[in-house]
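# Secondary and tertiary structure notes
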Amino acid sequence: MHYTHLNSLSLSLSKTMACPSPLQYFSLKPKRANLYYMTLAAVLCTLCYLVGIWQHSSGGAVITAPVSAVASCPPITINKTIHLDFKDHHTADDLPLPPAAARVDHLPPCNAKLSEYTPCEDLTRSLKFDRKRLVYRERHCPEKEELLKCRIPAPHGYKVPLRWPESRDSVWYANVPHKELTVEKKKQNWVHYDGDRFRFPGGGTMFPRGADAYIDDIGKLINLRDGSVRTAIDTGCGVASWGAYLLSRDILTVAFAPRDTHEAQVQFALERGVPALIGILASKRLPYPSRAFDMAHCSRCLIPWGQYDGLYLIEVDRVLRPGGYWILSGPPINWENHWKGWERTAEDLRAEQTMIENVAKSLCWKKLKQKGDLAIWQKTTNHFHCKMNRRVFKKPSFCQARDPDIAWYTKMEDCLTPLPGVNNIKEIAGGELSKWPKRLNSVPPRISSGSLTGVTAQTFRENTELWNKRVAYYKTMDYQLAEPGRYRNLLDMNAYLGGFAAALVHDPVWVMNIVPVEAEVNTLGAIYERGLIGTYQNWCEAMSTYPRTYDFIHSDSVFTLYKDRCEVEDILLEMDRILRPEGSIIFRDDVDVLVKVKSIMDAMQYDARIVDHEDGPIEREKIMLAVKQYWTAPAPA
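In this text the structure is predicted, and so the values were computed from the model without any measurement. (Residues numbered from 1 in each chain as written. Predicted model: local features only at pLDDT ≥ 70, side-chain atom pairs only at ≥ 80, totals over all residues. Heavy atoms only, no water.)

### Considerations on the sheet that holds strand S1 (residues 170–172)
Across the sheet, which stays open at both edges, the 3 strands sit in the order S1-S3-S2 with antiparallel pairing between neighbours. The sheet terminates laterally at S1 and strand S2 (192–194), the two strands that pair on one side only. Neighbour to neighbour, the strand axes of the sheet diverge by 30° on average, direction disregarded. Here S1 pairs with strand S3 (residues 197–199) via 3 bridges, running antiparallel. Within S3, the position partnered with Ser170 by the bridge is Arg199. (Pairing = 2+ DSSP bridges. Helix = DSSP H or I, 4+ residues; strand = E, 2+ residues; numbered from the N terminus. Axes fitted to C-alpha atoms, helices over the stretch in contact; angles between N-to-C directions.)

### Some points on the state of the cysteines
Inspection of the entire model under this criterion finds 6 disulfides. Disulfide pairing is shown between Cys298 and Cys301; the S-S distance is 2.0 Å. Disulfide Cys298 to Cys301: torsion about the S-S bond roughly -95°, handedness left-handed. The burial state of Cys298 is the same as that of Cys301; both residues are buried. Between the sulfur atoms of Cys364 and its disulfide partner Cys386 the distance amounts to 1.9 Å. Judged by the torsion about the S-S bond (80°), the Cys364/Cys386 disulfide is right-handed. One end of the pair, Cys364, is in the loop between helix H11 (346–362) and strand S9 (366–371); the other, Cys386, is in the loop between strand S10 (374–378) and helix H12 (445–448), and 22 residues separate them in sequence. For the pair Cys364 and Cys386, one class covers both residues: buried. Each bonded cysteine of the chain gets a number by its place in the sequence, and the pairs then read 1-4, 2-3, 5-6, 7-8, 9-10, 11-12. (Disulfide = S-S within 2.5 Å. Buried < 20%, exposed > 50% of the residue type's maximum accessible area, 1.4 Å probe, protein only.)

### As for the environment of Leu134
With respect to the element layout, Leu134 can be found in the loop between helix H3 (123–126) and helix H4 (166–169). Taking relative accessible area as the criterion, Leu134 reaches 33% and is therefore assigned partly exposed. With 124 residues separating them along the chain, Leu134 and Pro258 place their C-alpha atoms 9.9 Å apart. Dropping the residues within four chain positions of it, Leu134 is found in contact with Ile280 and Ala282. (Contact = heavy atoms within 4.5 Å.)

### Some remarks on the nonpolar core
With 131 residues, the main nonpolar core has Met295, Trp305, Trp326, Leu491, Leu572, Phe587 and Met601 as its most contacted residues. Two domains share this core, each providing at least three of its residues, namely domain 1 (202–416) and domain 2 (436–628). Setting aside residues up to four positions removed in sequence, Trp326 forms contacts with Ala296, Trp305, Leu313, Val316, Leu320, Ile356, Trp365, Ala375, Ile376 and Trp377. Grouped together as the second largest cluster of nonpolar side chains are 10 residues, Val171, Val191, Phe200 and Phe268 included. (Core = buried A, V, L, I, M, F, W, Y, C linked by side-chain atoms within 4.5 Å. Domains from an automatic or database assignment.)

### Some remarks on the packing of helix H18 (residues 568–578) against helix H19 (residues 591–603)
Relative orientation of the contacting elements H18 and H19 amounts to 55°, with a least axis distance of 10 Å. What the angle tells us is that H18 and H19 run oblique. In the crossing of H18 with H19, the sense of the turn from one axis to the other is right-handed. In this structure, H18 uses Val568, Glu569 and Leu572 to contact H19, whose residues at the interface are Lys596, Val597, Ile600 and Met601. (Parallel < 35°, antiparallel > 145°, perpendicular 65-115°, else oblique. Left-handed = near helix turned anticlockwise from the far one by under 90°.)

### Observations concerning a nonpolar patch on the surface
Together, Phe384, Met388 and Ile425 line one region of the surface with nonpolar side chains, adding up to about 270 Å² of accessible area. Note on placement: Ile425 falls in the loop between S10 and H12. (Patch = residues over 30% accessible without salt bridge, like charges linked within 9 Å, V, L, I, M, F, W, Y side chains within 5 Å. Areas by Shrake-Rupley, 256 points an atom, 1.4 Å probe, with all protein chains shown as cover. Salt bridge = Lys/Arg side-chain N within 4 Å of Asp/Glu carboxyl O.)

### Regarding unusual backbone geometry
Note the cis peptide between Lys395 and Pro396, where omega equals -5°. Residue placement: Pro396 occurs in the loop between S10 and H12. Cis geometry marks the peptide bond from Trp436 to Pro437, where omega comes out at 10°. For Asp250, which is not a glycine, the phi torsion comes out positive at approximately 60°. Turning to its location among the elements, Asp250 is positioned in the loop between helix H7 (241–246) and strand S5 (252–257). Residue classification places Asp250 among the partly exposed positions, given a relative accessible area of 44%.

### Regarding the environment of Ser170
Looking at the secondary structure, you find Ser170 in strand S1. Residue class for Ser170 comes out buried when judged on its relative accessible area of 3%. A C-alpha to C-alpha distance of 6.5 Å links Ser170 and Arg197, two positions 27 residues apart in sequence. Apart from the residues within four sequence positions on either side, Ser170 is in contact with Leu162, Arg197, Phe198, Arg199 and Phe200.

### Considerations on the packing of aromatic side chains
Under the definition given, this model contains 20 aromatic pairs. On the basis of an interplanar angle of 10° and a centroid distance of 6.0 Å, the ring pair of Phe500 and Phe552 is categorised as stacked. Note that Phe500 is positioned in helix H15 (residues 499–503) and Phe552 in strand S14 (residues 550–556), a separation of 52 residues in sequence. Each member of the pair, Phe500 as well as Phe552, carries the same accessibility label: buried. The ring of Tyr193 has Lys179 lying over it, and the distance from NZ or CZ to the ring centre is 4.1 Å. (Phe/Tyr/Trp six-rings, centres within 6.5 Å; stacked < 30°, edge-to-face > 60°. Lys NZ or Arg CZ within 6 Å of the ring centre and 35° of its normal.)

### Here's the deal with helix H9 (residues 311–319)
Of all 9 residues making up H9, 9 are buried, and the element is well covered by its neighbours. For H9, the full list of buried residues reads Leu311, Tyr312, Leu313, Ile314, Glu315, Val316, Asp317, Arg318 and Val319.

### Let's talk about the side chain of His613
The topology assignment puts His613 in the loop between strand S16 (606–611) and strand S17 (621–628). Its relative accessible area of 5% is what places His613 among the buried residues. A distance of 3.5 Å separates the side chain of His613 from the side chain of Glu614, its partner in a polar contact. In terms of polar contacts, His613 uses its side chain to reach the backbone amide nitrogen of Asp615, at 2.9 Å. Those residues in contact with His613, other than ones at most four positions away along the chain, are Arg470, Tyr473, Arg588, Glu619, Glu621, Lys622 and Ile623. (Polar contact = N/O pair within 3.5 Å; in protein donor to acceptor, adjacent residues only side chain to side chain.)

### Regarding the sheet that holds strand S7 (residues 293–299)
Ordered in space as S6-S5-S4-S7-S8-S10-S9, the 7 strands form an open sheet in which the pairing is mixed. Every interior strand has two partners, whereas the edge strands, strand S6 (276–278) and S9, have only one. Shown here is a sheet whose adjacent strand axes are inclined to one another by a mean of 20°, direction ignored. Here 5 bridges tie strand S4 (residues 231–235) to S5, and the two strands are oriented parallel to one another. Across the sheet, residue Thr231 finds its bridge partner in S5, namely Leu252. Relative to S10, helix H6 (residues 211–219) is tilted by about 45°, and along the sheet it contacts S7, strand S8 (320–329) and S10. Sheet strands in contact with H9 are S7 and S8, and its direction is about 135° off that of S8.

Here it is as structure tokens:
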């Protein structure tokens, strides 16, 4: 109120204010009068100066000095209001392009014949390798000089996949144009061709009544509904109907099969919206940490479980959690009723089952039940007794001084992976897991035990909160990510603790969490302990999956991690290969890195834009959203 009064007072007095004429001071009046006027003038000038200072500090109102003795100068008026501006005037969109010498001008489409190119499982290259123990079907990646510098096209007529759950039962023929399985597995209800679609009735070689009924039979033998079973692995998965139907029971399955056993089986699984990878049990460890899965499954997967001193069951034991289950259906189970149809002798099948039973005992597994075509074993919860019975079972001996979580190009060993130590026979090795869904946000035992260097329970909780915030921000940038059902298959290229996937757990999606082999800390075991899935990967190489696997890719600091390890454009071309047309990528990385990445994405004809970090423009880390345009190979001539 006082400032308002002063302003109005000064406005009213401004009309009478004037400056004295200098001639007045040098009139012929007595010196005493001249001195009086000179003193008055000095006082008035000082007063005007002080009023001006006060005006600038009081918000910019019009202020004039009240002086009645002078009448010749115009009033001093300042109309400009001064505001301090704290807003940013340089945004991520204003970032400069890289120098012309660093830009990639053009990355052309590849030949249409490469529409299903899987670089590390290329059939032509694989034939150069040893066929013993199927080594030739493992990963064999091209050398640097062999890498393609072009973009893999979608087949002509490709359509955006059907949305889940419709995609579980039906996919577009144009997206996976292979009819071989419809002929080979016609009587087993794997897949049927119907006009412009393939349909998946849910059948399998060993479950003619459908996957749902088959899973119900398993559920009568072990509890699949109390949350104790969350993660599963399906070896020799076919079209992954077992994993597809387990999803309705909140069980997340990693399915895998070789590239060339049956044409397009893993590709069908991915097109259906079911987690799957190309892979095989041969000479290398599976690319998963130890104690990862609650349940492992083989339905007529044709893996020689009893051979090579039980090497493949030893590998299953490594990735199976203490107390986890191994389920086997198909040869040799129930051979008494099937041996004629399997075109093998009863003696041969009996010997195979005896061999499997003996290996399972040597691993300290307990056979729970065998009913009909199903047999189920359970892994021991600790090695308290198992260490003592090595006097009976000389093989396999316990592995010595080898990290059981290292599994990237790591040779299998015919030794038993030791479980973490326990204090008594009832304790669960490695720590007991919460049941799902509580498991998701419970501190993983690998963290609470201090086995992950630099990762604490507080780190875990803060990371979970951070990614809830970040994913909410992502959804304001990418309307497709925010739209339930638009995306199904997601990939996190540098997952750390799986916070990105955890933040999306209530959306109808699944996330393949990647822990790069170059990461400072191997956190994939903790991700599995949260009830999530993932695999190891070196991003200087191609991923073991088909083109157009994922709807959405998340890249957090990937290019900073791989700086000076391999070419940026090679990683981006691999990302383009496995991303579906009209899919999206969200990058977050240092601003200088993203400027370079954007120049390459422009050359790849993506719609890309860099935006500010969720915490504002001051952060050096920026975010880029890139959307792949729809394009396909041209129509066949």
